[in-house]
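Report on the structure
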Amino acid sequence: MGDLFLVRHGETEWSRSGRHTGRTDVPLTEHGREEARRLAPLIRSQRIGAAFVSPLQRARETAGLIGIPDARVDADLREWDYGGYEGVTTPEIQRGRPGWFLFTDGVAPGPPDHPGETPEQVGERADRVLARADAALARTGAAVVLIAHGHFLRVLTARRLGLPPRHGALFLLATGALCRLGTEHGRPVVAEWNVRPPR
């Protein structure tokens, strides 16, 4: 069975400034586009059986720039719904909630169209994505690529390893980075993490 490749989209203005970017559909910066382009040779060197992408433009643009413009859009790959913390930085949140940590404390409620998600709810979406990825891995015998967002992919990694969603905190993930989840003796492992080609 093939490996699972995770690609975090390239830099945006909001990721550069540390603003929580869930449903807000911000584009890549030029630097973010270059981060994505640099991953293309790594992706081309793999035998890809299927690819799935978040519906948000920063992920879809990254998919095109890495050479997978026809990746299947999967709504479950969208970023964590930050609710009332959308567009807010961690230091700003911690001024009102000292010690606040996303992976254990979740978010403040937001408006009806994006009320916010708990870590467990994000984990449920990750489990659905993994089930579809596993079906594609079994069907094609080749690698599956998921192009999405930092916090969501961290939770997905935790779930792949059999850990609770909150343990996504252990997997810091840079913009424009490639990660590979594989197996050893039939068990899921992190095979490569935060791979970024040299400039």
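On a predicted model such as this, the values are computed, not experimentally measured, just so you know. (Residues numbered from 1 in each chain as written. Predicted model: local features only at pLDDT ≥ 70, side-chain atom pairs only at ≥ 80, totals over all residues. Heavy atoms only, no water.)

Under the criterion given, the structure shown has four aromatic pairs. Pairing Phe101 with Phe103 gives two aromatic rings, centres 5.7 Å apart and planes at 50°, and the pair type is tilted. By relative accessible area, Phe101 is classed as partly exposed at 40%. Residue classification places Phe103 among the buried positions, given a relative accessible area of 3%. Between Phe171 and Trp193, the ring centres sit 5.6 Å apart and the planes meet at 55°, which makes this aromatic pair tilted. Pair noted here: Phe171 is in the loop between helix H7 (150-160) and strand E5 (178-184) and Trp193 is in strand E6 (residues 187-195), with a separation of 22 residues, a long-range link. A relative accessible area of 13% places Phe171 in the buried class. Members of the aromatic cluster, joined through ring pairs, are Trp80, Phe101 and Phe103. Above the plane of the ring of Trp14 lies Arg19, whose end atom (NZ or CZ) is 3.8 Å from the centre. (Phe/Tyr/Trp six-rings, centres within 6.5 Å; stacked < 30°, edge-to-face > 60°. Buried < 20%, exposed > 50% of the residue type's maximum accessible area, 1.4 Å probe, protein only. Helix = DSSP H or I, 4+ residues; strand = E, 2+ residues; numbered from the N terminus. Lys NZ or Arg CZ within 6 Å of the ring centre and 35° of its normal.)

Core analysis: the biggest nonpolar cluster contains 31 residues, and Leu4, Leu6, Trp80, Val144, Leu146, Phe152 and Leu156 have the highest contact counts within it. Contributing elements (two or more residues each) for this core: strand E1 (4-8), strand E2 (48-53), helix H5 (102-105), helix H6 (119-140), strand E4 (143-148), H7 and E5. The greatest single-element share of this core, amounting to seven residues, is contributed by H6. Not counting residues within four places of it along the chain, the set of residues in contact with Leu156 comprises Leu4, Leu6, Ala126, Val129, Leu130, Leu146 and Leu181. Of all hydrophobic cores here, the second largest spans 16 residues; its members include Val7, Ala36, Ile43 and Ala63. (Core = buried A, V, L, I, M, F, W, Y, C linked by side-chain atoms within 4.5 Å. Contact = heavy atoms within 4.5 Å.)

Right, let's get into the pairing of E2. Of the pairings in the sheet, the one linking E2 to E4 comprises five bridges and is parallel in character. Pairing of Ile48 across the sheet is with Ala143, part of E4. The sheet contact formed by E2 and strand E3 (residues 72-73) spans two bridges and is parallel. Among the inter-strand pairings, Phe52 is bridged to a residue of E3, identified as Arg72. Since E2 and E3 lie parallel, the crossover through helix H3 (residues 57-65) that links them has a hand, and here it is right-handed. (Pairing = 2+ DSSP bridges. Right-handed = clockwise from strand over helix to strand, strands pointing away.)

Another point: H3. All of the buried residues along H3 are Arg58, Ala59, Thr62 and Ala63. Buried residues of H3 fall within an arc of 140° about the axis and therefore sit on the same side. Here the buried face of H3 lies against E1, helix H2 (30-44), E2 and E4. (Arc of directions from axis to C-beta.)

Turning to the sheet that holds E4, a few remarks are in order. The strand order across the open sheet built from six strands is E3-E2-E4-E1-E5-E6, with neighbouring strands paired in mixed fashion. Sheet topology places E3 and E6 at the edges, where each strand pairs with a single neighbour. Judged from the five bridges that link them, E1 and E4 form a sheet pairing that is parallel. Of the residues in E4, the one forming a bridge with Leu4 is Val144. Along the sheet, H2 makes contact with E1, E2, E5 and E6, crossing E5 at roughly 25°. (Axes fitted to C-alpha atoms, helices over the stretch in contact; angles between N-to-C directions.)

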